[in-house]
Each structure stands twice: as C-alpha cells, then as structure tokens.
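Okay, here's what each chain looks like letter by letter:
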Amino acid sequence: MLVVYVNICILRKMDIMNICILLGTIIEEIEFKFAFGGRHNSITRFKLKLENGTILKAKAYDKIADTCYRKLEKDNVVIMQGKLNGKLEILVNDIFVIK
C-alpha cells in the first residue's frame with residue numbers, strides 16, 4: 001500500500017495548508033452520531049490502519065459523514081484525503097473505496 005503525506009505551506013498572509021492523502025484499511029465499525037446545536041449536523045468516526053501498522057483516527061462531518069456511514073464497512077480498503085487536526089485525527093474531505 002502507498003502512503004503519501006503532503007504538507008504545503010503558503011507564506012502569503014501566514015496561511016498554512018495541511019493536506020494528507022492516505023491509503024489504509026478500516027479496522028472498526030463506523031461510529032455515527034447526530035450533532036445538535038453545533039455547526040455540524042452529523043459526525044462519523046473510525047480508525048484506519050496503514051501498511052506500516054500505524055493506526056489513525058479519522059473523522060468526517062455532514063454529507064461526507066453520511067456517505068461514510070452508508071458506504072463504508074469494516075475491512076474496506078480506502079484512499080482518503082483530508083487534513084490533520086490538533087488531536088492528530090484526520091478530518092476527511094474526500095474518501096474512495098478501493099476494495
């Protein structure tokens with residue numbers, strides 16, 4: 001499996017862009033919750049195991065969360081694009097099922 005980490009720094013206006021592209025296997029059931037009173041309507045959480053054995057937590061919101069809950073299952077191999085937050089979780093922007 002291929003793991004690609006891309007970190008791009010844009011110095012204009014001190015903006016920093018953090019992009020992670022990961023390939024791995026979902027190792028637990030997708031956890032889905034509705035979020036009331038916040039800026040997001042729904043949240044999914046799951047763990048992704050990379051080829052080198054690293055386990056990462058992933059989180060998706062709203063439409064992507066709904067898609068993850070409906071389409072993804074434990075043991076699916078996925079490619080996802082997102083960004084790393086302060087809690088070392090991947091905030092998923094896009095996800096594709098490989099197998």
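Preceding block: the structure.
Residues numbered from 1 in each chain as written. Predicted model: local features only at pLDDT ≥ 70, side-chain atom pairs only at ≥ 80, totals over all residues. Heavy atoms only, no water.

Chemist: I would appreciate a short explanation of the side chain of lysine 59 in the present structure.
Modeler: Inspection of the secondary structure assignment puts lysine 59 in strand 5 (residues 55-61). Leave out the neighbours within four places in its chain, and lysine 59 touches Ile43, Thr44, Arg45, Glu89, Ile90, Leu91 and Val92. (Helix = DSSP H or I, 4+ residues; strand = E, 2+ residues; numbered from the N terminus. Contact = heavy atoms within 4.5 Å.)

Chemist: Can you walk me through the nonpolar core in this structure?
Modeler: The nonpolar side chains of soluble globular proteins are, as a tendency, buried together. Membership of the largest hydrophobic core comes to 18 residues, with the highest contact counts inside it found for Leu22, Phe46, Leu72, Met80 and Ile95. Residue assignment for this core shows that the elements contributing at least two residues are strand 2 (16-26), strand 4 (42-49), strand 5, helix 1 (62-71), strand 6 (77-84) and strand 7 (89-97). Other than its neighbours up to four places away in sequence, methionine 80 contacts Cys20, Ile21, Leu22, Phe46, Leu48, Ala58, Ile90, Val92, Asp94 and Ile95. (Core = buried A, V, L, I, M, F, W, Y, C linked by side-chain atoms within 4.5 Å. Buried < 20%, exposed > 50% of the residue type's maximum accessible area, 1.4 Å probe, protein only.)

Chemist: Which parts of the structure should I look at to understand unusual backbone geometry?
Modeler: Excluding glycine, residues mostly carry a negative phi; peptide bonds, for their part, are mostly trans. Positive phi, close to 75 degrees, is recorded for aspartate 75, a residue that is not glycine. Residue position: aspartate 75 is located in the loop between helix 1 and strand 6. Of note, leucine 88 is a non-glycine position whose phi angle comes to about 60 degrees, a positive value. Among the structural elements, leucine 88 can be located in the loop between strand 6 and strand 7.

Chemist: Help me understand the side chain of glutamate 89 in this model?
Modeler: Tracing the backbone through its elements, the reader meets glutamate 89 in strand 7. With relative accessibility at 11%, the residue glutamate 89 sits in the buried group. Every residue in contact with glutamate 89, bar those within four places of it in the chain, is listed here: Lys57, Lys59, Lys83 and Leu84.

Chemist: Looking at this structure, how should I read the environment of glutamate 31?
Modeler: One can find glutamate 31 in strand 3 (residues 31-34). You can call glutamate 31 partly exposed: its relative accessible area is 33%. C-alpha separation for the pair glutamate 31 and phenylalanine 46, spaced 15 residues apart in sequence, amounts to 6.3 Å. Beyond its immediate sequence surroundings of up to four residues, glutamate 31 is in contact with Ile43, Thr44 and Arg45.

Chemist: Before we go on, may I ask you to explain the packing of aromatic side chains in this structure?
Modeler: Two numbers describe a pair of aromatic rings. These are the distance of the centres and the angle of the planes. For the structure on display, the rule yields three aromatic pairs. Taking the centre distance of 5.1 Å and the plane angle of 85 degrees together, the rings of phenylalanine 32 and phenylalanine 34 count as edge-to-face. By relative accessible area, which is 23% here, phenylalanine 32 ends up partly exposed. Grouping aromatic residues by their ring pairs yields a cluster made of Phe32, Phe34, Phe36 and Tyr69. (Phe/Tyr/Trp six-rings, centres within 6.5 Å; stacked < 30°, edge-to-face > 60°.)

Chemist: So what exactly am I meant to see when it comes to the pattern of salt bridges here?
Modeler: In a structure, side chains of opposite charge can pair up when their charged atoms sit close to one another. Overall, the coordinates contain two salt bridges when judged by the stated rule. Across the pair glutamate 89 and lysine 59 runs a salt bridge whose closest N-O atoms are separated by 3.1 Å. With glutamate 89 in strand 7 and lysine 59 in strand 5, this residue pair connects regions lying 30 residues apart in the sequence. With respect to burial, glutamate 89 and lysine 59 carry one shared label: buried. (Salt bridge = Lys/Arg side-chain N within 4 Å of Asp/Glu carboxyl O.)

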